[in-house]
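Listed below, chain by chain, are the residues.
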Amino acid sequence: MAAGDREELASLAADLRGHLEWLRDTGVREVPALPKAPQAAASAAPVSSSPEASESAGPQVSLRAAVRATVGAPEQRAATTSSPAKPVAPPAPLPPPAAANVIVNRPAPAARAEPRPVAPLPAPSGARLEGAAPKTLEQIRAELGACTRCKLSSKRKNIVFGVGSPKAELVFVGEGPGADEDEQGIPFVGAAGQLLTKMIEAMGYTRDEVYICNVVKCRPPGNRNPEPDEIQACEPFLKQQLASLKPRVIVTLGKFAAQTLLRDETSITRLRGNWREYCGIRLMPTFHPAYLLRSPSEKKKVWEDLQQVMKVFGKEPARR
Ligand code: SF4
């Protein structure tokens, strides 16, 4: 080995020793692997096909360049060592285990479904009869014409629109015309109608002073109950009649009239005798006179209901 080579090796050994001491001072306990020789150094080595040439010149240049690259120049190490050692950063938190990820990434539970909104009733009983100017009873009757808006038109003889005073403060609303009413075109003229007339008179009125009408204006065949589509077709005219009359009190006779106007399917047994409201008008449900013909013992209850109505008007029971 030439003297120059020995000096070079001694210099490298000194550099290496200094680097190891620097590593020790900065707390490093493991020596990192040497990187590959810098490209510049490698390319600086002459490529030779001769094995000797590769053992003499090439490896020495590469080893020095590698040590220099890893260790740095002596002046660089001095500058770095004079700086206080940087605190070792805490290890990054480990990612959560797979199972935890499942929980974390689990989609949030769906928001609790809101209760479905209840469809508004088409004619809330508390609504007021306000808005457009009401038509007269004559106009409403003219609009009804020879109505064929529902299937009840096919069997009827007469449309039974209503009867009484257009200024009535008390209106009676029944279910629909019977045979006698269909024949005459006038509501409540049969046996049930005669009983209603007695009730009206017992209250201190005449038929001419009140107004009497039905939910449906045509007779259901065989006196069956009106069907929903028939009520739906005819009710607008009843509403117009009530809007035109603007009575102080409505007395509904039987379950259909009460349930239709109140939009309440409670039985008439429970509805009767209790004040309700229809479009701002006080409403008293009571039994139908036809029911009283079959159950005369229930007349007392109806009389109690009518007496409540009479109190509104300051009426005293008629002397018998
Ligand atoms: S019941 Fe009423 S809707 Fe039906 S045909 Fe008679 S008037 Fe018209």
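Residues numbered from 1 in each chain as written. Predicted model: local features only at pLDDT ≥ 70, side-chain atom pairs only at ≥ 80, totals over all residues. Heavy atoms only, no water.

**Overview of the layout of surface pockets**
Within this model, the largest pocket holds a volume of roughly 640 Å³. Forming the walls of the largest pocket are 28 residues, and the residues nearest its centre are Glu-175, Gly-176, Ala-192, His-288 and Ala-290. Breaking the lining of the largest pocket down by element, the ones donating at least two residues are α8 (179-184), α9 (191-202), α11 (255-262), α12 (268-271) and α13 (289-294). Ranked by the residues each element gives to the lining of the largest pocket, the list is headed by α13, at four residues. Residues of the lining of the largest pocket, tallied by class, amount to twelve nonpolar, ten polar and six charged. (1 Å grid on protein atoms, 1.4 Å probe; cavity = no way out; pocket = protein on both sides within 12 Å on 5 of 7 lines; lining within 4 Å. Points joined across faces, edges and corners; volume = space filled by probe spheres on them. Helix = DSSP H or I, 4+ residues; strand = E, 2+ residues; numbered from the N terminus. Nonpolar A, V, L, I, M, F, W, Y, C, P; charged D, E, K, R; others polar.)

**Brief notes about the site of the ligand**
The full set of residues close to the ligand is Leu-144, Cys-147, Arg-149, Cys-150, Leu-152, Ser-153, Arg-156, Lys-217, Cys-218, Ala-233 and Cys-234. Spatially, the ligand is embedded in the largest cavity. For the shell around the ligand, the class distribution of residues is seven nonpolar, one polar and three charged. (Near = heavy atom within 4 Å. Sits in = over half its atoms within 2 Å of the grid points.)

**Digging into empty space enclosed by the protein**
Any space left empty among the atoms is revealed by the rolling of a water-sized probe across them. Counted under the stated rule, the structure contains one cavity of 30 Å³ or more. Volume-wise, the largest cavity comes out at about 100 Å³. Cys-147, Cys-150, Lys-217, Cys-218 and Cys-234 are, among the 14 residues lining the largest cavity, the residues nearest its centre. By residue number, the principal contributor to the lining of the largest cavity is helix α10 (residues 228-245), which donates three residues.

**Describing the confidence of the model for the protein chain**
Residues of the protein chain with pLDDT of at least 70 account for 58%, and the chain-wide mean is 75. Within the model, the stretch residues 22-28 combines pLDDT values under 50 with six contacts to residues more than four positions away or in other chains. Confidence drops under pLDDT 50 across residues 34-125; counting only partners more than four residues distant or on other chains, this segment forms 50 contacts. (pLDDT = per-residue confidence, 0-100. Contact = heavy atoms within 4.5 Å.)

**Observations concerning the nonpolar core**
With 56 residues, the main nonpolar core has Leu-170, Phe-172 and Val-173 as its most contacted residues. It is α10 that contributes the most residues to this core, six residues altogether. With residues near it in sequence (within four places) discarded, Phe-172 still touches Leu-196, Ile-200, Met-203, Val-210, Tyr-211, Ile-212, Cys-213, Val-251, Leu-253 and Leu-306. (Core = buried A, V, L, I, M, F, W, Y, C linked by side-chain atoms within 4.5 Å. Buried < 20%, exposed > 50% of the residue type's maximum accessible area, 1.4 Å probe, protein only.)

**Comments concerning the pattern of salt bridges**
Applying the stated criterion to the full structure yields 13 salt bridges. Put simply, Arg-276 and Asp-264 hold a salt bridge, and the shortest N to O gap is 3.1 Å. With a gap of twelve residues between them, Arg-276 in strand β5 (residues 276-278) and Asp-264 in the loop between α11 and α12 connect regions that are remote in the sequence. Each of Lys-151, Arg-224, Glu-227, Asp-229 and Glu-230 takes part in one network of salt bridges that share partners. (Salt bridge = Lys/Arg side-chain N within 4 Å of Asp/Glu carboxyl O.)

**Side note on the sheet that holds strand β3 (residues 211-214)**
Strand pairing in a sheet relies on backbone hydrogen bonds. The paired strands run either parallel or antiparallel. Judged by pairing direction, the sheet is mixed, and its six strands sit side by side in the order β1-β3-β2-β4-β6-β5 without closing on themselves. Each of the sheet's edge strands pairs with one partner strand only, and the pair in question is β1 (163-164) and β5. Seen against the sheet, helix α14 (residues 299-313) touches β2 (170-174), β4 (249-253) and β6 (281-286) and runs at an angle of roughly 165 degrees to β6. (Pairing = 2+ DSSP bridges. Axes fitted to C-alpha atoms, helices over the stretch in contact; angles between N-to-C directions.)

**Digging into the environment of Asp-229**
Within the element layout of this structure, Asp-229 appears in helix α10. Residue classification places Asp-229 among the partly exposed residues on the basis of a relative accessible area of 39%. Each C-alpha atom, one on Asp-229 and one on Lys-151, is 9.0 Å from the other, the two residues being 78 residues apart in sequence.

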